[in-house]
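# Topology and contacts: notes
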Amino acid sequence: MRTTFLPFSPPFLGSEEIEEMIDTLRSGWISRGPKTTRFEEEFAKRFGCDGALALNSCTAGLHLALRVLDLGPGDEVIAPTMTFAASVNVIEHVGARPVLVDVEPETLNLDPRAVEAAVTERTRALMVVHFGGHPAEMSFLRQLAEQHELGIIEDAAHAISAKYDGQTIGLSPNLTAFSFYATKNLTTGEGGMLTGPSESLERARIFSLHGIDRNAWDRYSSNGDWYYQVVEPGYKYNMSDLQAALGLQQLRKLDRMQERRLEIVDQYRAGLADLTGIGLPTERDHVESAWHLFPIRVRSVELPVSRNQFIEEMTRRKIGTSVHFVPVHMHAFYSRKYGYRVGQFPVSEAAFEELVSLPLHPGLSDEDVSDVIGAVREICAIPKPRARDSRQ
Ligand SMILES: *Cc1c(COP(=O)(O)O)cnc(C)c1O
């Protein structure tokens, strides 16, 4: 038994981040400034994107993407129910209607057939989430989008450095939003990055800072540096140099951090493969997952414990876990507003009953990983109670 608690997903920060942060504080420039610009440039260069817009969250990026596509009341956006609510909340924010659909059982990504069935004459865009870092089936979704003239927004909160058919997520012509929240593969504490075509990013950039258009300075005045024009009622979504300081150093370590994630994934697979009551996440041949999550399926019919008991037993063994996600249609707001009921999205609901995410972050030692494996194996070996009353 461990003596200390193993947190589910702490940030992986070192002296480089601390030094860069101190340097930022000493520089006197702590809001958006030179480091944010450098972070955008280095991010774009690292992945080969045309450009990148640093923001204060991925949610902000998704919201701006919808604004850039001019979506609003009367429009429908198709989104998976198996996602974090942020992917869908933003659709509400622009006044459009989120149309939830079910996911594929294997990857928990948008089921292209379900998407096709949900398209109406009001459908304007697809919100494509790359669940756990495993890219969604982009070739089918792109085809559908072309056929019905739909925009695509990629929620790549989990998918930094993931690849689909050899192409890095974020390089497609779609507006793509990454998250640098504390638990994500690269963190700036809070933060996000939007990638996509340069004209779209320029529009998003104006929206991200109160709707101030720098070029309008030239167009409307010869008044000097203090003059500005608000061309749209924008938002306050920019990143700060304090956040970019972390991002610059995290970007430098990203390859190393990803390599460590892959090693841990291999160790989990080797250590858990023979357990029939535990389903392991897969990776399709034509993709490279970013392995943000390692979501296992606790098949309680074959086990002595329910999923909720499994989580309690892990906590008792001092191992933090999480559940990704409570499907969006099961949240109070969405079921109330749109009348969604349990039973409508069987794949997501069945997954939700079984899902547990194991700790997966570069700070895990081999010993930590073997503690996790040991704990899962121990729980699976608990003698079955004779009369099993309920799944709870
Ligand atoms: C974390 C997350 C977001 C939101 O990211 P923020 O940077 O916190 O706004 C959006 N979508 C998914 C799938 C996420 O996991």
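Before reading further, recall that the structure is shown in the block above.
These lines cover the structure that appears in this document, whether it is placed above or below. Remember, predicted model here, so these are calculated numbers, not experimental data.

It is worth spelling out the overall build of the protein at this point. The number of helices and strands found in the protein is 13 helices and 15 strands. Relative to its length of 392 residues, the protein is compact, with a C-alpha radius of gyration of 22 Å against a globular reference of 21 Å. When the 392 residues of the protein are sorted by exposure, 56% land in the buried category. The long-range fraction of contacts in the protein, counting pairs at least 24 apart against all pairs at least 6 apart in sequence, stands at 71%. Side chains of the protein carry 41 positive and 53 negative charges; the gap between the two charge centres is 5 Å.

In this section: the nonpolar core. One finds Phe39, Phe43, Leu126 and Phe180 to be the most contacted residues of the largest nonpolar core, which totals 42 residues. The set of elements that each furnish at least two residues to this core consists of α2 (34-47), β1 (52-55), β3 (97-101), α5 (112-118), β4 (123-129), α6 (138-148) and α9 (241-272). Residue contributions to this core peak at five residues, all from α9. What Phe43 contacts, discounting residues up to four positions off in sequence, is Ala52, Ile160, Phe178, Phe180, Met193, Thr195 and Leu251. Ranked by size, the runner-up nonpolar core spans 34 residues in total, among them Val88, Ile91, Met127 and Ala177.

This part takes up the site of the ligand. Thr59, Asp155, His158, Ser179 and Lys184 are the nearest of the 15 residues found near the ligand. The side chain of His158 places a nitrogen or oxygen atom 2.6 Å from an oxygen atom of the ligand. Within the contact set of the ligand, an oxygen atom lies 3.1 Å away from a side-chain nitrogen or oxygen of Lys184. Summarising the interface, the protein chains cover 93% of the accessible area of the ligand, which totals 380 Å² for the free molecule. If you list the elements that add at least two residues to the shell around the ligand, you get α3 (58-68) and α4 (86-93). Across the shell around the ligand, the residue classes break down as six nonpolar, seven polar and two charged.

What counts, and at which threshold
Within any chain, residue numbers begin from 1 and follow the written order of that chain's sequence. For this predicted model, a pLDDT threshold of at least 70 governs which residues receive local features, and a threshold of 80 or more governs which side-chain atom pairs are given and counted, while totals over whole chains, interfaces and linings are taken from all residues. With hydrogens and water stripped out, all remaining heavy atoms of the structure feed into the side-chain values. Put simply, DSSP H or I for four residues or longer makes a helix, DSSP E for two residues or longer makes a strand, and each gets a number counted from the N terminus. In this treatment the radius of gyration is a C-alpha quantity, and the globule benchmark scales as 2.2 Å times the residue count to the 0.38 power. The cut-offs for exposure are 20% and 50% of the maximum accessible area for each residue type, with area from a 1.4 Å probe on protein chains only; residues under the lower value are buried, those over the upper are exposed, and the others partly exposed. Whether two residues are in contact is decided by their heavy atoms, any of which lying within 4.5 Å being enough. Residues scored as positive are Lys and Arg, those scored as negative are Asp and Glu, and His as well as the terminal groups of each chain are ignored. To locate a charge, the coordinates of NZ of Lys, CZ of Arg, CG of Asp or CD of Glu are taken. Each nonpolar core is a collection of buried residues, namely Ala, Val, Leu, Ile, Met, Phe, Trp, Tyr and Cys, held together in the definition by side-chain atoms within 4.5 Å. Summary of the distance rule: residues count as near a molecule or strand when at least one heavy atom falls within 4 Å of that molecule or strand. Polar contacts, as counted here, are pairs of nitrogen or oxygen atoms within 3.5 Å of one another; within protein the pair requires one atom able to donate a hydrogen and one able to accept it, and residues that are adjacent in sequence qualify only if both atoms are side-chain atoms. Note on areas: these come from Shrake-Rupley sampling with a 1.4 Å probe, and a residue is covered only by the protein chains present in the view. Residue classes follow a fixed rule: Ala, Val, Leu, Ile, Met, Phe, Trp, Tyr, Cys and Pro count as nonpolar, while Asp, Glu, Lys and Arg count as charged, and any other residue, Gly among them, counts as polar.

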